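Below are the chains, spelled out letter by letter.
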Amino acid sequence: SAAGSSSTSTPPSTTTTSVPTTAVSTSLDPVASTDLPTTTTLPPAVVLVVGDFGDGSNREASVAAAMRAYAANRDIEAFVTTGDNFYIDDVDAAWYEPFGWVEDAGIRVLATWGNHDVETDTRRNAVQAALDPPGWWYAEDIGPATLVVLDSNRVDDREQLTWLEETLATTEGPVVVSFHHPAHSCGWHGSTESITELWVPLLRAAGVDLVLSGHSH
């Protein structure tokens, strides 16, 4: 099992979003809360987000090209993935050819682990070598916010749960959370019961501002 720490865990070996100038506190329930949100003015941070992408297809190439064009004249804080970074073992086709410009532009990559990323040792090693996540779960600053990355392949991992509780309790300012399997989904994969039971109460209690997920597509 991964060994969690105060900031990261240790691994075994097109869309855009931004941290808004107005941080909004919202409900994590699938039905939006009727309560008026509280707002706080913050400096903006532009973040690129993509998930379920690494298949080496023409569709991936088109998405990568669109994101590159968007990033060309903007100060990008980070490139965040929501998992399933590799559907194939060909690292060049799945990452370097479509998204090699990310490293060339000096944009920080903050990767989330997906279920397809751990299907083979080759893919697991590819995520580590190409995207270099600091752990299975970890936290990083993105502008005025903190990005908390979780591994939804191991929702009930006690070390991860303890780390999440401690991180949420000690983090100030806006919090964005990324994990692959969605808590709530109307897609064919459906909602993830273990996440709604174990993680959502913690995220709701902490007033998390935004959750990013993939998988259901």
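You'll find the structure just up there.
Residues numbered from 1 in each chain as written. Predicted model: local features only at pLDDT ≥ 70, side-chain atom pairs only at ≥ 80, totals over all residues. Heavy atoms only, no water.

Novice: What am I meant to see in the packing of aromatic side chains here?
Specialist: How two aromatic rings sit relative to each other is set out by the distance from centre to centre and by the angle between their planes. A complete count under the given rule lists nine aromatic pairs for this structure. With 5.4 Å between their ring centres and 65° between their planes, Phe79 and Phe99 make a pair best called edge-to-face. Separated by 20 residues along the polypeptide, Phe79 in strand 5 (residues 76-81) and Phe99 in helix 2 (residues 91-104) bring together distant segments of the chain. Here the two residues Phe79 and Phe99 agree in accessibility, since each one is buried. Ring geometry for Phe99 and Trp101: centres 6.3 Å apart, planes at 40°, overall tilted. A connected cluster of aromatic rings, assembled from ring pairs, spans Phe53, Phe79, Trp95, Phe99 and Trp101. Positioned above the aromatic ring of Tyr70 is the side chain of Arg74, whose terminal nitrogen or guanidinium carbon lies 3.8 Å from the ring centre. In this arrangement the basic side chain of Arg154 is found over the ring face of Trp136, its NZ or CZ atom lying 4.3 Å from the centre. (Phe/Tyr/Trp six-rings, centres within 6.5 Å; stacked < 30°, edge-to-face > 60°. Helix = DSSP H or I, 4+ residues; strand = E, 2+ residues; numbered from the N terminus. Buried < 20%, exposed > 50% of the residue type's maximum accessible area, 1.4 Å probe, protein only. Lys NZ or Arg CZ within 6 Å of the ring centre and 35° of its normal.)

Novice: Teacher, can you tell me more about the nonpolar core here?
Specialist: A general trend in soluble globular proteins is that nonpolar side chains are found buried together. Judged by nonpolar contacts, the single largest core of 40 residues is most densely connected at Phe79, Trp95, Phe99, Trp101 and Leu150. Within the residue set of this core, elements represented by two or more residues are strand 4 (45-50), helix 1 (58-71), strand 5, helix 2, helix 3 (121-131), helix 4 (158-170), strand 9 (175-178) and helix 6 (200-206). Here this core takes five residues from helix 2, the largest share from any one element. When residues no more than four places from it in sequence are discounted, the contact partners of Phe79 are Leu48, Val50, Met67, Trp95, Phe99, Val102, Ile107, Arg108, Val109 and Leu110. Formed by 12 residues, the second largest nonpolar core is a distinct cluster that contains Val49, Val80, Leu147 and Val176. (Core = buried A, V, L, I, M, F, W, Y, C linked by side-chain atoms within 4.5 Å. Contact = heavy atoms within 4.5 Å.)

Novice: How do you make sense of the sheet that holds strand 8 (residues 145-149) when you look at a structure like this?
Specialist: Taken together, four strands build an open sheet; the order of strands is 7-8-9-10 and the sheet is mixed. Every other strand in the sheet has two partners, leaving strand 7 (138-142) and strand 10 (210-212) as the edge strands with one partner each. In this sheet, neighbouring strand axes are inclined to one another by 20° on average, regardless of whether the strands run parallel or antiparallel. Note that strand 7 and strand 8 share five bridges and pair antiparallel. Paired with Asp141 across the two strands is Thr146, which belongs to strand 8. (Pairing = 2+ DSSP bridges. Axes fitted to C-alpha atoms, helices over the stretch in contact; angles between N-to-C directions.)

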